[in-house]
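# Examination of the molecular architecture
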Amino acid sequence: MALYGVSMAFFVEGALGVMPWDVLHQGLVRLVPVSLGTMTILAGAVVLLLWIPLRQMPGLGTVSNVVVIGLVVDLALRVLPTPGPLVLRAVFVAVGVGLNAVATAAYIGARFGPGPRDGLMTGLVARTGWPVRVVRTAIEVSVVGLGWLLGGNFGVGTLLYALAVGPLVQPLLPLLRVAEPEPAGRADAPAGRP
C-alpha cells in the first residue's frame, strides 16, 4: 500500500496526468481545501459506503487501503522534488507506472481483500451481471471525466497508466502471490494415506 502512495506522488510531481481515480481526487481538492491524501481517504470511505447495497465484505487490506495510501501519498509529496524539464517529468511518470504495477501485484498477491474501488467494481459486476471490462471502463471513464471537469490533471500520464499497468501487472502477479494455505487435515496426514 505504501508503494501505491509513492507511485501516486510520482504521477502528481510529473504533472503529465495522474491515475484515473486521482484525476477525480485532484478535482475534488479544488472544491474542498484538503490535501490529496486526505481526499483519497475521504473518497475511499465514500466508495466503501457504496459497498453496503452491493453486499460486499471488506477485508483487512480494504480498510488499510483507505488510510495507508492517503497518508503515504501526502508524505511522499512532501519529500519528492518537483522536476522541471519534460524529460525528468516523463521519468517520474514512468517510475510511477512501474511502482504502481509492483504495488498492484503485491496487493492482489497478499489476498487481504480488494481495495475499495476494486470492490465497487466486483460488487457491480455481481449485482448487474455485466462483464468486468464494461463495468471497469464505465467507472474509470466516469471518474476521469468528472475529475477533469473539476480541474483534475488528465494527460498523457493517465493514458500511459491505462495502457501499461495491466500488461506490467500480469507477469509480476505470479512472482508476488502468496501461496494458498494447505487445506486442513492434508498437510499433517500420515504418509501413504489420502
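What comes next is a walk through the structure. Per-chain numbering applies: the sequence of each chain, read as written, is numbered from 1 onward. In keeping with the model being predicted, local features are shown solely for residues with a pLDDT of at least 70 and side-chain atom pairs are shown and tallied solely at 80 or more, while totals for entire chains, interfaces and linings include all residues. Computation of side-chain values: all heavy atoms of the structure, hydrogens and water removed.

## Considerations on the overall build of the protein
Definition in use: Runs of H or I in DSSP of at least four residues are treated as helices and runs of E of at least two as strands, each being numbered from the N terminus. Should any heavy atoms of two residues lie within 4.5 Å, those residues are counted as being in contact. A 1.4 Å probe and the Shrake-Rupley method give the accessible areas. Residues count as covered only by the protein chains that appear here. Two residue types count as positive, namely Lys and Arg, and two as negative, namely Asp and Glu; His and chain ends fall outside the count. By convention, the charge on Lys lies at NZ, on Arg at CZ, on Asp at CG and on Glu at CD.
Looking only at helices and strands, the protein features eight helices and zero strands. Sequence-ordered secondary structure for the protein, helices as α and strands as β, is α-α-α-α-α-α-α-α. For the protein, long-range pairs separated by at least 24 residues make up 80% of all intrachain contacts whose partners lie at least 6 apart in sequence. Surface summary for the protein: the accessible area is close to 10,700 Å², and the carbon and sulfur share equals 71%. Seen as two clouds, the 12 positive and the 8 negative side-chain charges of the protein have centres 6 Å apart.

## A word on the layout of surface pockets
Note the threshold: The pocket and cavity definitions rest on a 1 Å grid over protein atoms only: a 1.4 Å probe that fits but cannot leave marks a cavity, an open set with protein on both sides within 12 Å along at least five of seven lines marks a pocket, and residues lining either have an atom within 4 Å of a point. Grid points are joined across faces, edges and corners, and a volume is the space filled by probe spheres set on the points. Residues are grouped as follows: Ala, Val, Leu, Ile, Met, Phe, Trp, Tyr, Cys and Pro are nonpolar; Asp, Glu, Lys and Arg are charged; all remaining types, including Gly, are polar.
In this model, the largest pocket occupies a volume close to 940 Å³. Considering the residues around the largest pocket, the lining is formed by 34 residues, among which Trp21, Asp118, Arg136, Glu140 and Tyr161 are closest to the centre. Elements represented by at least two residues in the lining of the largest pocket include exactly α1 (2-14), α2 (20-31), α4 (60-79), α5 (86-110), α6 (116-128), α7 (132-149) and α8 (156-176). Broken down by element, the lining of the largest pocket gets its largest block of residues, eight residues, from α7. The residue makeup of the lining of the largest pocket, split by class, is 19 nonpolar, nine polar and six charged.

## Observations regarding α7
Just so we agree on the cut-off: Between the first and last residue of a helix there are one fewer steps than residues, each counted as 1.5 Å, and that sum is the expected span.
Under the 1.5 Å per step criterion, the end-to-end length of α7 is 26 Å for 18 residues, consistent within 8% with the ideal 26 Å. Of the surrounding secondary structure, the elements contacted by the buried residues of α7 are α2 and α6. Gly151 sits one or two residues past α7 and shows a positive phi near 105°.

## Let's talk about the packing of aromatic side chains
Keep this limit in mind: By convention, a stacked pair of Phe, Tyr or Trp rings (six-membered ring in the case of Trp) has centres within 6.5 Å and planes under 30 degrees apart, an edge-to-face pair has planes over 60 apart, and any other such pair is tilted. Exposed residues in this analysis have more than 50% of their type's maximum accessible area, buried residues have under 20%, and partly exposed residues fall in between, with area computed by a 1.4 Å probe over protein chains only. Over a ring means this: the NZ of a Lys or the CZ of an Arg is within 6 Å of the ring centre and within 35 degrees of the ring normal.
Applying the stated criterion across every chain, the model contains three aromatic pairs. Note on Phe11 and Tyr161: the rings are 6.0 Å apart at their centroids and 80° apart in plane angle, and the pair reads as edge-to-face. Of this pair, Phe11 sits in helix α1 while Tyr161 is found in helix α8, placing the two residues 150 residues apart along the sequence. For the pair formed by Phe11 and Tyr161, the shared burial category is buried. Taking the ring centre of Trp21 as reference, the NZ or CZ of Arg117 above it sits at 5.2 Å.

## Description of the pattern of salt bridges
Convention followed: In the sections that follow, a salt bridge refers to a side-chain nitrogen of Lys or Arg positioned within 4 Å of a carboxyl oxygen of Asp or Glu.
One pass over the full model with this rule turns up two salt bridges. Arg136 is the partner of Glu140 in a salt bridge, and the nearest nitrogen-oxygen pair spans 3.0 Å. Within this pair, Glu140 and its partner Arg136 are both found in helix α7, separated by four residues, close to a single helical turn. Using a relative accessible area of 16% as the deciding quantity, one classes Glu140 as buried.

## Some thoughts on the environment of Leu48
The topology assignment puts Leu48 in helix α3 (residues 36-54). In sequence terms Leu48 and Val66 are 18 residues apart; their C-alpha atoms lie 8.9 Å from each other. Excluding residues within four positions of it along the chain, Leu48 makes contact with Thr62, Val66 and Pro116.

## A look at α4
So the rule is basically this: Here the bend at a residue means the angle between the axes of two seven-residue stretches, the one that ends at it and the one that starts at it.
The terminal C-alpha atoms of α4 lie 28 Å apart, and with 20 residues this matches the ideal 28 Å at 1.5 Å per residue to within 8%. The largest bend in α4 amounts to roughly 30° and is located at Val66. Of the residues making up α4, those classed as buried are Gly61, Thr62, Asn65, Val66, Ile69, Gly70, Val72, Val73, Asp74 and Ala76. On its buried side, α4 packs onto α1, α3, α5 and α6.

From the geometry alone we can't say anything about function, so treat these as descriptive.
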